[in-house]
Structure formats: structure tokens, C-alpha cells
Amino acid sequence: MARNPQLNKHGELQHLLTTEGLPRDVITRILDTAEPFADVAEREVKKVPLLRGKSVFNLFFENSTRTRTTFEIAAKRLSADVINLNIATSSTNKGETLLDTVDNLAAMQADMFVVRHASSGAPYLIAQHLEATGRDHIHVVNAGDGRHAHPTQGLLDMYTIRHYKRDFTQLSVAVVGDILHSRVARSQIHALSTLGVPDLRAVAPKTLLPQDIERLGCRVFHDMREGLRGVDVVMMLRLQNERMQGSLLPSAQEYFKFFGLTEEKLALAKPDAIVLHPGPMNRGVEIDSAVADGRQAVILPQVTFGIAVRMAVMAMLGGGNA
Amino acid sequence: MARNPQLNKHGELQHLLTTEGLPRDVITRILDTAEPFADVAEREVKKVPLLRGKSVFNLFFENSTRTRTTFEIAAKRLSADVINLNIATSSTNKGETLLDTVDNLAAMQADMFVVRHASSGAPYLIAQHLEATGRDHIHVVNAGDGRHAHPTQGLLDMYTIRHYKRDFTQLSVAVVGDILHSRVARSQIHALSTLGVPDLRAVAPKTLLPQDIERLGCRVFHDMREGLRGVDVVMMLRLQNERMQGSLLPSAQEYFKFFGLTEEKLALAKPDAIVLHPGPMNRGVEIDSAVADGRQAVILPQVTFGIAVRMAVMAMLGGGNA
Amino acid sequence: MARNPQLNKHGELQHLLTTEGLPRDVITRILDTAEPFADVAEREVKKVPLLRGKSVFNLFFENSTRTRTTFEIAAKRLSADVINLNIATSSTNKGETLLDTVDNLAAMQADMFVVRHASSGAPYLIAQHLEATGRDHIHVVNAGDGRHAHPTQGLLDMYTIRHYKRDFTQLSVAVVGDILHSRVARSQIHALSTLGVPDLRAVAPKTLLPQDIERLGCRVFHDMREGLRGVDVVMMLRLQNERMQGSLLPSAQEYFKFFGLTEEKLALAKPDAIVLHPGPMNRGVEIDSAVADGRQAVILPQVTFGIAVRMAVMAMLGGGNA
């Protein structure tokens, strides 16, 4: 898989592993495909038969009720059969290797694996193994791997931004918070960059920034007020609870003071700036309730669009692309 | 929501939160609607397409395999897409508030929430929040909240009684056992009272009776033999295991001696009296096996009717009432 | 149930509890019925409507994600409604008896119970109870009970052998490993014997052989090289992790040396011998990776055929046999 492992030889989506290196036209096609699915959700009957008879396996090696739920709903609305596997507590305990587990499920005639794993690269490893063994009719969707990527989250954020702001090439966008540990941030930054955002900002304390952040095309701001000045889009990140006790941060209160999004700080952005958050929110830590529930927040539309984007990805992969 | 929050402005069922204050004609309509669903269960193909394409979320903040199963079956037989969420072990752990969880799931285009929660009033809070935020197309069914209410259990008991006894206004009914801690008892008593049962009895030791029991229209009996004399219906309650070690009860053996339903005690009721129990039973604690498996027990029919009643409630809520 | 409890009075499959005593023509009919389902799995739409509207309950009193998944997929591909119940952590904790649990689920109009239980005989007990109480429209499939039986595994192994070797009456078959504790081995040996395998071998250390092994028609080999000489089929068993610490075995390394299947040992079998394993594999304990991934292994086809065989069993039981 020296070539882009996510695309087949016709340049079509084969797996969705990361937004890094995903061509602009493929991203755009995903967002375009999602549009009618956003409508489906409003119809009386929300089901379409695109994946009827297909078997989608939610392979969650790491618990995530929320993400698993969004994929489960998306697959069911496409009429797929969905099998949930919480492998955190199952056969890998019995000493079976990851690839033996995958081989077994593939042998049950899986059509798609939605994979969540604590190790960066696990979905890539699975995709590579499937191709190496000639089973390229099975598609892999990364639902979050380690600190690496969470591409459907990145794409639903792009959908949301396009919905409210239309033209990426005119935007100032700030990604704010614990960028160092965030697979969401990485997926956002790659996608924003590919879509041509000219002013892309990383706003975080020094201890929560990855070393290569400037290579990714971001301007760095350690002062949140500076970072938000004049932006069109504020993309807040969740502060993981486990960081709050660590040595990287003084305290949740201190964090909120400097990097929590308040109405006062948000006022420095453009008046029509929108605020995104991947959820679940820590109110009073990275975001103030007045903002979370305010008129500029598009956090719940993100969730709605997220179903549509996941339907789009699954439909493109499973609906005859193989 | 100063008005009855369970009814919309046309007096139709909007949510099912409690049997308290539920008008007699609404209860009767639910029971009538359940009749054909009881037949559906006997047909070769048990599915009807009433909720096709609708998304029903089983939101269980408290574990209950049995109750969750009955709602899952009911929803699937109505052709809904069912998503099970065991939130005991999930995102609320991540510091998300109850209402943020609800907002998120609502944003996934939920049509119905079936809610089980250890705190009394949680389903009401959710319903109130949905209405306050203009999302009255989403319906809430209380599947048991704290010590407050378990309305579908109360309604299936009404269905069962009506099935065997027809006219509520001629009946003597005894509710027996740990009434103090029982949401089931509360839901039964409100429904029986609304349906016009003229002789409603609460049979329990003093330590297991709520203070306001007489205000609910019950005559109190501390002697079970007295309490059962001449009744048409005996509604046994489950004795929670955790009570048995507490200071409220001497021992399970002692309890059985005074408040366990034996054939000898049951003989004091009318010869054609029926015996109900919400399950799971503690044989030899609140009920003797000879009674549980005897000709007067209608405990398994309760379960069957329970599916039909839940189908009726969900169909009335989700089938175009909004 | 003095007669064979698995067959109804017309000699048709009523329950699937064990391969012991299952007549040859019934086994053959199951394998024949599975053939087109193996094709279904390759079609674009893998669903058939044979169990539409039927309710299949996966009753797992013992965790097994893998086995539960195979039954769930099989049932969904037959268009059944599937309800998963992990009873390890549920209402039996509340003091309810096994048969009360069964009665309750039966009252929810179950059509089929797929039962996994740590106690040998539990599925038989359930089947007996259903018949004794006149509910013979409900079918029981044993998905593994204690050390007793795992009949669908045995049958899928028969399907696999027939697929590659055609005529059972010409075969030498070796079952290798921890036969003493293996319900899989028991189900294989009964089926192989019924299907007329003339040379059936049990290959195991003395401490891992049941006393009655010769009565089952097996020739015993304590030397694996002897046992494999000239066989057509090698059926490896999983070595349970818990055995490895026990007193029955010196160590996993020692076990591998004497009873692990290596290419060198496999070379003693016929050149076209096939290797089966029920999974999950302990690579480097009972089987070497070179064999597991080698050209003679049919371990992944077993998995694929397993879905087809389970579909066949469920279709025969639930599709109008009652």
C-alpha cells in the first residue's frame, strides 16, 4: 500500500482512515453526498435501502457509546445489518491477535468494519491486512485511533463549516485547546488545510501543542484573545479529564481562565463567528455554558450533520464502490 | 408545563411519565389500542410497520435487562430502529450532564426516548427540556424512575385485570408488600383509582408503607389475611433483595411467614381471584411456588400483555400524534 | 421426553441440543440446507425473509462475543428480530431461577432461544420445560453448555469436512488436544461417528482424555506423530488458558512441543490433509502460525460455513417446523 491506501485504483474511496492526504475532490464528494442524507433525517421515514443486506461491524476495542451510536444509527438508516462488538471485554482477552479477530469477522462475510482502537494505526493495519489478503470488498472506517485520527469527526466539522460559511478559501479558523492529545484536532487541521483555509490557527498552551504544529500549516497562538481575534470559526476541543490531574495543566479552573471560551473572549471573533465542539462538553472547563447554549454555537447541528456524513461515507464505501 | 405534561393541547398522549393524573379515557384508549397488538403476537409474522424508519432510543441510566428487553421487542415489532444505550457505564462518566446527553441524542434525530433512571423525575425533566426547546416531536416514555413511577408496568397490570375481570368499578383489589419503595405500586394505585376501583387495599408491614398511603385512596391492612379477605385481585410486589438485609425487615423467612402469598392465605380471597406479580419473583419470600405456578396466577400473561401495552403506547406516541 | 428430545413426532428437528444421537439423515439434511445459505453470503444482498417477524433470543449465561455474533448474523440474515441478553450480569442476579427467566421470555412470544450456559444440560432443561408446559412452538439451540456439547460447531465442522473431502466413509480423522474439557470435541466425535468415519482417532496426553473415550469409538494416541500418520483430517482443539496454569499440564511450551501442530508433524498426515480449529487460536500453543496460515488450514472457511450452518438450523427450526 505505497499509494494512498484510502483510495482504490480509480481514485474512489476504498477506506476512510484519516483526513491526511485525502484529496480535496474526495472530501467535497463526501460532503455533497451527505446533503440529501441530512434531508433524509427530516423525512417521516428516515430509512433508505442503500446498504440493505450488508453487514456492518462496529469493532470497538475502546469504549465509546456516543461514537458507536452515531455509526449504528447511520448504518441502520441505510438499512444495513449492524453488529456491535465491544472487544474491550471479549475474545482478544482469550489471547487472539487483532488480525485473527479481523480474519474471523471477515470470514463471517462482513462488508464493513467501523473501528475504534486505542492504538494509532490499528484501522490502517486492518485495511492493509485486508488488501494484502485479497479481500478488498471489505471497507474500513476509522472511528478514532489513539491520538492519530478521527476522520468522520473532521469531516462532519467540514460539513458544518461549509453549511454556515460556504467558502473555505475566505476563512479564518481557530482550533483551540488540547491539540497535543487530540485526534480530532489532527483530522480537522488536515481537512481545513486541504480545503484551502488561508488562515488556520492553533490556540493552546505550550504544553498542549504538538511539536510539528507549524509544519501542519497552523499559526500558533498561546494567548487565546490574540488567537480568536477576527476569526470566522472557533473549533473548541474537549479537555480530557485525565489531563486535568496531570502535570501538563495547573487546574481546570486555571485552564478555564486562560483557554475556556467565554462570551467575552468570543466577542473578539467576527460577530457572525460560529463555535464548534466535538462533545461531550466539559462546561466550565473548556467552554462556558453561556457560549455552549448561545446563538453562535453550532454544536447540536454538528451532531445532526455527523449522522449524514457517516451515512455518506458508508454509502460511498458499501454501496458498490468495491 | 403547568398543564399535564403528558398530554398535548388536543388532550392526546405526548409523553408517558406516570399514571398519576392520566385521564381515564387516555388509559382506556391505551388499553384498547393494545388489544390488536396482543393478537399481533400470535400471528405468524409479528411485525407491523407503524414505526418504520423511526429511531427509538432505550436510555438506561440504570441496568434492567428485563424491562429494556420488553421495550426493545415492542419497538422492533413496530418496525422501529432501536438503539440501546447503557448510560450507567458511558458518557455521563465523562462529565456530561443529563440534558447534554439528551440534546445530543435528540440531534441524532431521535423520535422517542425510553428512559430508566435511578432518580425520581428524570424522565419528566427530559420531557420538560424537550418542550422548552421546541422539540415536541420527540416523545418520552418512563421505564421506571427512582421510587416514583413505572407507568407501563401499571398499565399492563390494568390490561391484565380488565382482561380477566372486565369491570373495574366492581372490584376489590389488594396491593401487597413493599409499597414504600415500589414505583410499581404507586403506578398501580393511581391507575386503579382513576379507573374507579371502589375497594383498594394496601397490605404491608408498617415499615414498608408510605405516609400518604391513605390519601391515595387505599385502606391499610397490616394483617395480610384481613387484607386479602374477599378480594378479586391480589397484586404482589417484589421484595427488593437489598431490603432484606436492612433494618426494615427482620428476615426473609419472617417476611414470608407474615406477608408471603401462600395457598392458605390466598384461599381467603374470592375463589376466582387472580394473582399478579411484576417479576422477577423471589419464590419463598413474597410468593410461594404453589401460588406462583398455580391456576390463579396470571403472571406470565402479564408479561405477554406487557409487550402489547408497550407497543400501544409507542404506536400512539410515535405513530403520528406529534 | 423419553424419546429423542431433539426431534418432533414426525422425526423433524425440534431443538438442536447435541450431536449425540442425532440421526444421520437429520445431520445430512442440515448440511444440505446450509448449502444455498453459503451462497446467500456471496450475493449482493445477503438477506432472506425466512424468519421475518420471528423473535430470536440470544440467551448468554456465559460470555462469548464470538459465538453470539455468529448466531446474531445468521438470524439477521434470515430477517429475524434478534434480542441479545447477557444474563451473566442480569436478572438471575436478582434471584430469579433459570426457568422463571425462560418463562418470562417465552411469554414475550419468543420463537427461538439460542442458549449458552456454563452448566452442562441447561439447554436440555429449557427444552424439556418448554415441552412439559405445552410450548413446543419455541425452539432451543444449544450454543455451548458446560463440557457437554456445542452442536453447531460440530455440524459446521462436518460441513467443512464434507466440502473438502466429500465421503465420510473413506476418512481417517484425528481429534487433537484437550478432549477432556472440550464440548467441541464431544460434538465432533458423535457427528463423525454417526456419519460413518471408519478411522476416528483421539490424540491427547493422558491427563486430557475422558475415561469413556474408547466407548465413543475412538482409537487413542498419546503420541501425536503416531496419531497424525496418514489422516485426511486434523481437528485441532483450543487449549483453554485456564488449563495452562493447572496441574494437568507442565507448561504451554511443553504442550506445544508434544501436541502443538507444526508443519513437521503435519507432514505425517496425508499430503492433502486439511486442518480445522474452532477458534480462537492460541498460536504457538496448540498450533504453529505456519500451519494456521498455511495452505492446508481451512479455519476461516469453517467460520464462513458456520454462518450458513447456523442459518440452516434456525431456518429448519423456525421456518414452520413447529
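Computed from a predicted model, the values in this text were never measured in an experiment.

J.: Please explain the overall build of chain A as it appears in this structure.
T.: When helices and strands are tallied, chain A shows 12 helices and nine strands. Relative to the compact-globule value of 20 Å for 322 residues, chain A shows a C-alpha radius of gyration of 19 Å, a close match. Within chain A, residue pairs in contact and separated by at least 24 positions form 77% of the contacts whose partners lie at least 6 positions apart. For chain A, the computed accessible surface area is about 11500 Å², with 50% contributed by carbon and sulfur atoms. For chain A, the separation between the mean place of its 36 positive charges and that of its 35 negative charges on side chains is 1 Å.

J.: Can you walk me through the interface of chain C and chain B in this structure?
T.: Accessible area lost upon the coming together of the parts is a frequently used measure of interface size. Contacts between chain C and chain B engage 25 residues on the former and 25 residues on the latter. On inspection of chain C and its partner chain B, the count reaches three salt bridges. Our enumeration of links across chain C and chain B arrives at 10 residue pairs in polar contact (both at pLDDT 80 or more). Going through the elements one at a time, β1 (55–60), β2 (81–86) and α3 (98–107) of chain C are the ones with two or more residues in the side of chain C that touches chain B. Tallied by class, residues from the side of chain C that touches chain B come to seven nonpolar, nine polar and nine charged.

J.: Teacher, can you tell me more about the UniProt feature "binding site: carbamoyl phosphate" (unreviewed entry) in chain A here?
T.: Residue and element names in this part refer to chain A. When the UniProt feature table is mapped onto this chain numbering, "binding site: carbamoyl phosphate" (unreviewed entry) sits at R66, T67, R116, H150, Q153, G279 and P280. Its location among the elements puts Q153 in helix α5 (residues 151–165). Ignoring any residue separated from it by four or fewer positions in sequence, one finds Q153 in contact with V184, P278, Q302 and R310. Relative to the assigned elements, G279 resides in the loop between β9 (274–276) and α11 (289–292).

J.: Explanation requested: the packing of α3(C) against helix α4 (residues 122–132) of chain C in the structure shown.
T.: Helix-helix packing is characterised by the crossing angle of the two axes and by the distance between the axes. Residues and elements named next belong to chain C. The geometry of α3 relative to α4 is characterised by a closest axis approach of 11 Å and an angle of 55° between their N-to-C directions. Here α3 lies oblique to α4, going by the angle between them. Here the hand of the crossing between α3 and α4 comes out right-handed. Residues L98, L99, V102, D103 and A106 of α3 form the contact with α4, whose own contacting residues are A122, L125, I126, H129 and L130.

J.: Any chance you could explain helix α12 (residues 299–318) of chain C here in plain terms?
T.: Because an α-helix packs 3.6 residues into every turn, residues spaced three or four apart end up facing the same way. For α12(C), with 20 residues, the first-to-last C-alpha span of 28 Å sits near the 28 Å given by 1.5 Å per residue. Within α12(C), 18 of the 20 residues are buried, leaving the element largely enclosed by the surrounding structure.

J.: Can you walk me through the environment of A:A312 in this structure?
T.: Residue and element names in this part refer to chain A. Checked against the element boundaries, A312 lands in helix α12 (residues 299–318). C-alpha of A312 to C-alpha of A74: the two residues are 238 residues apart in sequence and 8.8 Å apart in space. Residues contacting A312, with those up to four places away along its chain left out, are I30, T33, A34 and F37.

J.: What exactly am I supposed to notice about the relation of the copies chain C and chain B here?
T.: Between the two copies of this chain, the relationship is a rotation about some axis together with a displacement along it. Placing chain C over chain B gives an RMSD of 0.0 Å and needs a rotation angle of 120°, together with 0.1 Å of translation along the axis. As the rotation angle and translation indicate, the two copies are arranged about a three-fold axis.

J.: Just to check I follow, could you spell out the domain arrangement of chain A for this structure?
T.: Residues and elements named next belong to chain A. Split by domain assignment, chain A resolves into domain 1 (24–150 + 306–318) and domain 2 (151–303). Distance between the C-alpha centres of domain 1 and domain 2: 26 Å. Taken together, the contact pairs 28 residues of domain 1 with 26 residues of domain 2. For the pairing of domain 1 and domain 2, the buried interface totals around 2200 Å² over both sides, and the portion due to carbon and sulfur atoms is 57%.

J.: Would you mind going over the sheet that holds strand β5 (residues 172–176) of chain C with me for this structure?
T.: One key point about sheets: their strands pair by backbone hydrogen bonds, in either a parallel or an antiparallel sense. Residues and elements named next belong to chain C. With parallel pairing, the five strands of this open sheet are ordered in space as β7-β6-β5-β8-β9. For this open sheet the edge positions go to β7 (219–221) and β9 (274–276), each flanked by a neighbour on one side alone. In this sheet, adjacent strand axes meet at a mean angle of 20° when their direction is disregarded. Relative to strand β6 (residues 199–203), β5 runs parallel, the two sharing five bridges. Directly across from A174, in β6, lies its bridge partner R201. Contacting β8 (233–236) and β9, helix α5 (residues 151–165) runs over the sheet at an angle of about 170° to β9.

J.: So what exactly am I meant to see when it comes to the sheet that holds strand β2 (residues 81–86) of chain A here?
T.: Residue and element names in this part refer to chain A. The four strands lie next to each other as β2-β1-β3-β4, forming an open sheet whose pairing is parallel. Each of the sheet's edge strands pairs with one partner strand only, and the pair in question is β2 and β4 (139–145). Neighbour-to-neighbour, the strand axes of the sheet open up by a mean angle of 15°, direction not taken into account. Here strand β3 (residues 112–117) runs beside β4; their pairing, made up of five bridges, is parallel. Among the inter-strand pairings, F113 is bridged to a residue of β4, identified as V140. Strand contacts of helix α4 (residues 122–132): β3 and β4, with the helix running at about 165° to β4, the strand carrying the most contacts. Sitting on the sheet, α12 touches β1 (55–60), β3 and β4, and the angle it makes with β4 is about 150°.

J.: I'm lost on unusual backbone geometry in this one. Help?
T.: Backbone geometry follows two general trends: most residues other than glycine have a negative phi, and most peptide bonds adopt the trans configuration. All names here are of chain A. Across the junction of G279 and P280, the peptide omega takes the value -15°, indicating a cis bond. Mapped onto the elements of the fold, P280 is located in the loop between β9 and α11. Its identity as a non-glycine residue notwithstanding, Q109 has a phi of 65°, on the positive side. Look at Q109 and you get buried, because its relative accessible area is 12%. Its identity is not glycine, yet R166 carries a phi of approximately 65°, on the positive side. Under the relative-accessibility criterion, R166 is labelled exposed at 55%.

J.: What should I look at first to understand helix α3 (residues 98–107) of chain B in this one?
T.: Of all 10 residues in α3(B), nine are buried, a share of seventy percent or more. Contacts from the buried residues of α3(B) go to α2 (65–77) and α12 of chain A together with β1 (55–60), β2 (81–86), β3 (112–117) and α4 (122–132) of chain B. Among the residues trailing α3(B), B:Q109 stands out with phi positive, at a value near 65°.

J.: Which parts of the structure should I look at to understand the environment of A:R68?
T.: Relative to the assigned elements, A:R68 resides in helix α2. For the pair A:R68 and A:M281, spaced 213 residues apart in sequence, the C-alpha to C-alpha distance is 18 Å. Sequence-distant contacts of A:R68, that is, excluding residues within four places in its chain, are made with A:N58, A:F60, A:N84, B:I83 and B:N84.

J.: What exactly am I supposed to notice about the interface of chain A and chain C here?
T.: In this complex, chain A contributes 25 residues to the contact, which on the side of chain C involves 25 residues. A:D81 serves as the salt-bridge partner of C:K47, at 2.7 Å between the closest nitrogen and oxygen. Where the side of chain A that touches chain C is concerned, the elements lending two or more residues are β1, β2 and α3 (98–107) of chain A. In terms of residue class, the side of chain A that touches chain C is built from seven nonpolar, nine polar and nine charged.

J.: Mind showing me how you'd approach the pairing of β2(A) here?
T.: Side-chain direction in a regular strand flips from residue to residue, so the side chains alternate between the two faces of the sheet. All names here are of chain A. Relative to β2, β1 is paired through six bridges, and the arrangement is parallel. Looking across to β2, one finds that F57 is bridged to I83. As a crossover connection, the stretch from β1 through α2 into β2 is right-handed.

J.: For this particular structure, what's the right way to read the pattern of salt bridges?
T.: It is possible for side chains of opposite charge to pair when their charged atoms get near one another. Within this structure, the stated rule accounts for 54 salt bridges over all chains. Notably, a salt bridge pairs B:R183 with B:E62, separated by 3.2 Å at the nearest N-O pair. Of this pair, B:R183 sits in helix α6 (residues 183–194) while B:E62 sits in the loop between β1 and α2 (65–77); the two residues are 121 residues apart in sequence, bridging distant segments of the chain. Owing to a relative accessible area of 24%, B:E62 belongs among the partly exposed residues under this scheme. Linked through salt bridges whose partners overlap, the residues forming this network are A:D32, A:E35 and A:R162.

J.: What is the right way to look at the side chain of C:S187 in this model?
T.: Within the secondary structure layout, C:S187 lies in helix α6 (residues 183–194). The contact partners of C:S187, leaving out residues within four places of it in the chain, are C:T19, C:A149, C:H150, C:P151 and C:G154.

J.: Would you explain the packing of aromatic side chains in this entry?
T.: What describes a pair of aromatic rings is the distance from one ring centre to the other and the angle between the planes of the rings. All names here are of chain A. In the structure shown here, the tally under the stated rule is nine aromatic pairs over all chains. Between Y159 and F305, the aromatic rings sit 4.8 Å apart at their centres with planes inclined by 50°, giving tilted as the arrangement. Here the residue Y159 occupies a position in helix α5, and F305 occupies one in helix α12, the gap between them amounting to 146 residues. With a relative accessible area of 3%, Y159 lands in the buried category.

Cut-offs used in this document
Residues numbered from 1 in each chain as written. Chains lettered and ligands numbered in written order. Predicted model: local features only at pLDDT ≥ 70, side-chain atom pairs only at ≥ 80, totals over all residues. Heavy atoms only, no water. Helix = DSSP H or I, 4+ residues; strand = E, 2+ residues; numbered from the N terminus. Rg over C-alpha atoms; globule rule 2.2 N^0.38 Å. Contact = heavy atoms within 4.5 Å. Areas by Shrake-Rupley, 256 points an atom, 1.4 Å probe, with all protein chains shown as cover. Lys, Arg positive; Asp, Glu negative; His and termini not counted. Charge placed at Lys NZ, Arg CZ, Asp CG, Glu CD. Salt bridge = Lys/Arg side-chain N within 4 Å of Asp/Glu carboxyl O. Polar contact = N/O pair within 3.5 Å; in protein donor to acceptor, adjacent residues only side chain to side chain. Nonpolar A, V, L, I, M, F, W, Y, C, P; charged D, E, K, R; others polar. UniProt positions renumbered as here; feature names shortened; annotations may be inferred. Axes fitted to C-alpha atoms, helices over the stretch in contact; angles between N-to-C directions. Parallel < 35°, antiparallel > 145°, perpendicular 65-115°, else oblique. Left-handed = near helix turned anticlockwise from the far one by under 90°. Expected span 1.5 Å × (residues − 1). Buried < 20%, exposed > 50% of the residue type's maximum accessible area, 1.4 Å probe, protein only. Least-squares fit on C-alpha atoms with pLDDT ≥ 70 in both. Domains from an automatic or database assignment. Buried area = accessible area lost by both parts, 1.4 Å probe. Pairing = 2+ DSSP bridges. Right-handed = clockwise from strand over helix to strand, strands pointing away. Phe/Tyr/Trp six-rings, centres within 6.5 Å; stacked < 30°, edge-to-face > 60°.

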